[in-house]
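What follows is the residue order along each chain.
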Amino acid sequence: MGRKIIVGVIDTGVWPESEMYNDKGYGPIPSRWKGSCESGELFNGSIHCNKKLIGAKYFVDGLVAEIGDFDRKENPEYASPSLTVMGHMYPQPSAVLFCLIYLGLGRGTVRGGAPGVRLAIYKACWLQSGSCSGADVLKAIDEAIHDGVDVLSLSLGSKVPLYSETDVRELTSVGAFHAVAKGIPVVAAAGNDGPSAQTISNVAPWILTVAATTLDRSFPTAITLGNNITILGQAIFSGPELGFSDLTYPQSGDCQKLSANPNNTMEGKIVLCFTRETSVTPAVDAIVAVRNAGGLGVIIARNPTHLLLPSSNFPSVAVDFELGTDILFYIRSTRSPIVKIGASRTLVARPVATKVATFSSRGPNSVSPAILKPDIAAPGVNILAATSLNDSFSVNGFSMKSGTSMATPVVSGIVVLLKSLHPHWSPSAIKSAIVTTAWKTDPSGEPIFADGSSRKLADPFDYGGGLVNPERAAKPGLVYDMATHDYVLYLCAADYSDMSISRVLGKATVCPTPKPSVLDLNLPSITIPNLRDEVTLTRTLTNVGPLNSVYKVVINPPTGVYVGVTPTTLVFNSTATKLSFTVRVTTTHRVNTGYFFGSLTWSDNMHNVAIPLSVRTQILPRYYDENS
């Protein structure tokens, strides 16, 4: 249940009144805990903290240094660990913590959660800037390390262009490095800038970066037209059914411009609008405009996406462009179009498939392409989450939330359980266990697709190793382990200067000569961004399963690529607990290609330790040196 584990959550604060923080049944706070609860506006540390919420601090000096003093009138902020009064557009830690503690879902999503975990909240992100100061995040990580957290969960990230991993402005990466060096796994969000390629954030190899998928769950909502044709949209409309009412498509049918229409064109009617945006912003604009005009409901046609419209008591139903066009044609062909909207139903498991969410940021890694990102995917769409009562769409302190911010604590909860089971595993061993045991199929056994402008089969740049499978991760058989020294060699291989690496480590460091290869970093993945002729790389596996085990390799090479492994059999025993193998990769392509994907699996017929292969052939180099 994670009772001995302390998780540090760095985000936008805490809403202590939530039932989420009830500490009934909790024992004494671990004696090793050095943290505290800071009091401030709307937060009394001696009252609001307990045996479950054991720490709460806030950090704002970095933000003040960047933007000056807060404008408290225009943007209300609490100078305390307390959650700022926010609307629906901002991630809320109570929602994050709900995922971390209680999320328990079926096959194809996860069965995880750590309801006994202790929580320490570090407020480093503020509504004032809409983001987080790197200095405040670094200070929060530093405090969390000192306080004694066991796991760090960061539902935050940056947008491209990213800073390098040793840049003094990339303080999240630097802070995470120090945490991992202390044995603290750092789990962070991939970002919500998908489906475009190379939008992934939190790309350092020592971070466990999480993409978001849908659940095997949907909320079909019947839209019945006056011609008795019924269309199924998606909503969380709790009812009661809205009977046949006038249906209109106003002159400005853009969801974000409905407020420009005269109120009498929408009053007493259900309104159809269209938007090309995939975010919830146009939906919110449409709901507000129609409701203010006295409308009865809204049907929103948009790009296929699984983000639910954030309203349970006002009929607001999402359809795709095809169905929206069908409704529009009905309106234009009928003198007095009418429609009724039924209450939403919940459909679980088949035939609902799991997909990588449209918004989930994608690889390849724009900083170091040989480092696969994301690492793993987890449910992050339409998560029933605890929120503050000030949330615009909260019902009794709960609402549906989506984002890689929701997926991250799902994985953090699984890391808690793995750390409880295997307290001596390193952060890289835990990451390896999660990546190498992930699902590659949805609940029905079909391949996982990735949503976007056009749906496609998911690949490692969408979901890393796959969809997280916590029960298998508990017994991975073998792990690709690393220590701090390995990450230092990576920084050397990535051609960072001795000075910049020393600055990250906090001590003088000199890289070896010749420099190591980035491809030899012992990751649970192999990514070769520039294959011209052939490359040979090395990986090392550590046995964490039965003492005497024999594993044989199974190779699924990328299209047009030869992959040879030596040796093809690994024999582990009491003296051979770590074994290395080499991988030789050549290409048959004679032109520059995009990435092709495959896998490399070690199997003993009980454990299948699988890593993704991603290879791009580059006959014409991407960099040209005039002196060569």
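No experiment lies behind these values; they were computed from the predicted model shown.

## Considerations on the overall build of the protein
A tally of helices and strands in the protein yields 13 helices and 32 strands. Principal-axis analysis of the C-alpha atoms gives the protein an extent of 80 × 60 × 55 Å. Per-residue burial for the protein yields a buried fraction of 58% across its 628 residues. Once local pairs closer than 6 in sequence are excluded, the contacts in the protein between residues at least 24 apart make up 74%. Accessible surface, the protein as shown: approximately 25800 Å² in total, 52% of it carbon and sulfur.

## Here we look at the packing of aromatic side chains
Taken as a whole, this structure holds 13 aromatic pairs when the rule is applied. Their ring planes at 80° and their centres at 5.4 Å tell us that Phe461 and Phe597 sit as a pair that is edge-to-face. Here Phe461, found in helix 10 (residues 460-463), pairs with Phe597, found in strand 31 (residues 595-603); they are 136 residues apart in sequence, far enough to count as distant. Residue class for Phe461 comes out buried when judged on its relative accessible area of 7%. Aromatic ring contacts, followed pair by pair, group Phe177, Trp206, Tyr487 and Tyr490 into a single cluster.

## Some thoughts on the nonpolar core
One finds Leu152, Trp206, Leu600 and Trp602 to be the most contacted residues of the largest nonpolar core, which totals 73 residues. Counting residues per element, this core draws most heavily on helix 12 (residues 484-493), which supplies 6 residues. In terms of nonpolar packing, the next biggest core, distinct from the first, is built from 43 residues, Ala56, Ile121, Val410 and Ala438 among them.

## What about the sheet that holds strand 29 (residues 569-572)?
As summarised here, the arrangement of the 5 strands in space is 25-32-31-27-29, forming an open sheet in which the pairing is mixed. Looking at the sheet topology across the chains shown, the edges are occupied by strand 25 (526-531) and strand 29. The average undirected angle you get between the axes of adjacent strands in this sheet is 20°. Bridge count between strand 25 and strand 32 (residues 608-617): 4 bridges; the pairing is parallel. Looking at strand 32, one finds that Thr527 is bridged to Ser614.

## Regarding the state of the cysteines
Within the structure shown, the criterion is met by 4 disulfides. Across the disulfide, Cys255 is cross-linked to Cys273 (sulfur-sulfur distance 2.1 Å). Note on the Cys255 and Cys273 pair: the S-S dihedral is about 95°, so by sign convention the disulfide is right-handed. In this pair, Cys255 sits in the loop between strand 12 (242-248) and strand 13 (270-274) while Cys273 sits in strand 13, placing the two residues 18 residues apart along the sequence. Take Cys255 and Cys273: they sit in the same class, and that class is buried. With its disulfide-bonded cysteines labelled consecutively along the sequence, the protein is connected as 1-2, 3-4, 5-6, 7-8.

## Looking at the pattern of salt bridges
Opposite charge on two side chains permits pairing when their charged atoms draw close. Within this structure, the stated rule accounts for 13 salt bridges. For the salt bridge of Lys139 with Glu143, the shortest nitrogen-to-oxygen distance reads 3.4 Å. Of the two residues, Lys139 and Glu143 both sit in helix 4 (residues 134-147), 4 residues apart, roughly one turn of that helix. Overall, the relative accessible area of 42% leaves Lys139 in the partly exposed class. Counted as one network, the salt bridges with shared partners bring together Lys57, Lys139, Glu143 and Asp147.

## So, unusual backbone geometry
Following Gly239, the chain continues into Pro240 via a peptide bond in cis, with omega recorded as 0°. Note on placement: Pro240 falls in the loop between strand 11 (230-234) and strand 12. Although it is not a glycine, Gln198 adopts a positive phi angle of roughly 60°. Along the chain, the position of Gln198 falls in the loop between strand 7 (186-189) and strand 8 (208-213). Relative accessible area serves as the criterion here: at 39%, Gln198 is assigned to the partly exposed category. Phi is positive for Asn202, close to 55°, though the residue is something other than glycine. For Asn202, a relative accessible area of 10% corresponds to the buried category.

## Observations concerning the side chain of Asp604
Assignment of secondary structure puts Asp604 in the loop between strand 31 and strand 32. Summary of buried charges: Asp604 has no salt-bridge partner, and the nearest side chain of opposite charge, Arg472, is 11 Å away. A distance of 3.4 Å separates a polar atom in the side chain of Asp604 from a polar atom in the side chain of Tyr551. Among the polar contacts listed, one links the side chain of Asp604 to the backbone nitrogen of His607, at a separation of 2.5 Å. For Asp604, the residues in contact, after removing those within four places along its chain, are Val550 and Tyr551.

## Concerning the sheet that holds strand 24 (residues 478-479)
Sheet strands pair by backbone hydrogen bonding; their relative direction is either parallel or antiparallel. Here 4 strands make up an open sheet; going across it, the order is 24-26-30-28 and the pairing antiparallel. Where the open sheet ends on each side, the last strands, each with one partner, are strand 24 and strand 28 (561-566). Sheet topology note: the strand 28/strand 30 (residues 578-587) ladder contains 6 bridges and is antiparallel. Bridging from a neighbouring strand, Val561 pairs with Thr587 of strand 30.

## Examining the domain arrangement of the protein
Partitioning the protein into domains gives domain 1 (6-216 + 353-474), domain 2 (220-345), domain 3 (483-521) and domain 4 (522-627). Computed over C-alpha atoms, the centres of domain 3 and domain 4 are 23 Å apart.

Conventions we followed
- Residues numbered from 1 in each chain as written.
- Predicted model: local features only at pLDDT ≥ 70, side-chain atom pairs only at ≥ 80, totals over all residues.
- Heavy atoms only, no water.
- Helix = DSSP H or I, 4+ residues; strand = E, 2+ residues; numbered from the N terminus.
- Buried < 20%, exposed > 50% of the residue type's maximum accessible area, 1.4 Å probe, protein only.
- Contact = heavy atoms within 4.5 Å.
- Areas by Shrake-Rupley, 256 points an atom, 1.4 Å probe, with all protein chains shown as cover.
- Phe/Tyr/Trp six-rings, centres within 6.5 Å; stacked < 30°, edge-to-face > 60°.
- Core = buried A, V, L, I, M, F, W, Y, C linked by side-chain atoms within 4.5 Å.
- Pairing = 2+ DSSP bridges.
- Axes fitted to C-alpha atoms, helices over the stretch in contact; angles between N-to-C directions.
- Disulfide = S-S within 2.5 Å.
- Salt bridge = Lys/Arg side-chain N within 4 Å of Asp/Glu carboxyl O.
- Lys, Arg positive; Asp, Glu negative; His and termini not counted.
- Polar contact = N/O pair within 3.5 Å; in protein donor to acceptor, adjacent residues only side chain to side chain.
- Domains from an automatic or database assignment.

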